Amino acid sequence: MDWKEGAIVTGVVTGIQPYGVFVSLDEQTQGLIHISEITDGYVKNIYDYVDVGESVRVKIIAVDEKTKRISLSLRDVDHDATNIETPSGFQPLKTQLEKWITEAKKKYNSPNDR
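Residues numbered from 1 in each chain as written. Predicted model: local features only at pLDDT ≥ 70, side-chain atom pairs only at ≥ 80, totals over all residues. Heavy atoms only, no water.

**Student:** In this structure, what is going on with the sheet that holds strand β5 (residues 69-73)? I would like to understand it.
**Tutor:** Note on sheets: strands pair through backbone hydrogen bonds, and any given pair is parallel or antiparallel. Sheet architecture is closed into a barrel: five strands sit in the order β1-β2-β3-β5-β4, paired in mixed fashion. Going from strand to strand, the sheet's axes swing by 50° on average, the running direction of each strand aside. Examined bridge by bridge, strand β1 (residues 8-17) and strand β2 (residues 20-24) share five bridges and lie antiparallel to one another. When the bridges of β2 are listed, V12 appears paired with S24. (Pairing = 2+ DSSP bridges. Helix = DSSP H or I, 4+ residues; strand = E, 2+ residues; numbered from the N terminus. Axes fitted to C-alpha atoms, helices over the stretch in contact; angles between N-to-C directions.)

Written out as structure tokens, the structure reads:
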């Protein structure tokens, strides 16, 4: 596969080290999520964010053609709201959410409810 910077891909966590997380993108390709690319802020324990064998969505932030190393980011995927997926079992909740918010705003803005 031709790996492109900026692409959002799914991989499987194959190893965790104090400096980052190794992710298998396919049978021949591994990438690394540096600890600074896990989340915003300080990461005290990487194991609080990922587990070996877990499937993760990551963004490709750099591809070194010479060394065949791929740098990945978990935090960049979290910031991109267009990547939020709703599992099919939660579709009814997703479709009702806006209605519930509107109803709640009406209720709490009503002078009779204060």
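**Student:** Teacher, can you tell me more about the environment of K59 here?
**Tutor:** Note on placement: K59 falls in strand β4 (residues 55-64). Judged by its relative accessible area of 25%, K59 is partly exposed. Distance from K59 to S73, taken between C-alpha atoms, is 5.1 Å for residues 14 residues apart in sequence. If we ignore the near neighbours within four places in the chain, the residues touching K59 are G6, A7, I8, S71, L72, S73, D76 and V77. (Buried < 20%, exposed > 50% of the residue type's maximum accessible area, 1.4 Å probe, protein only. Contact = heavy atoms within 4.5 Å.)

**Student:** Would you mind showing me how to read the nonpolar core here?
**Tutor:** For soluble globular proteins, nonpolar side chains are generally found buried alongside one another. Residues V21, L25, I33, V50, V58 and L72 are the most contacted members of the largest nonpolar core, which totals 18 residues. Looking at this core, the elements with two or more residues in it are β1, β2, β4 and β5. Here V50 is in contact with V13, I16, V21, V56 and L74, once residues within four sequence places are set aside. (Core = buried A, V, L, I, M, F, W, Y, C linked by side-chain atoms within 4.5 Å.)

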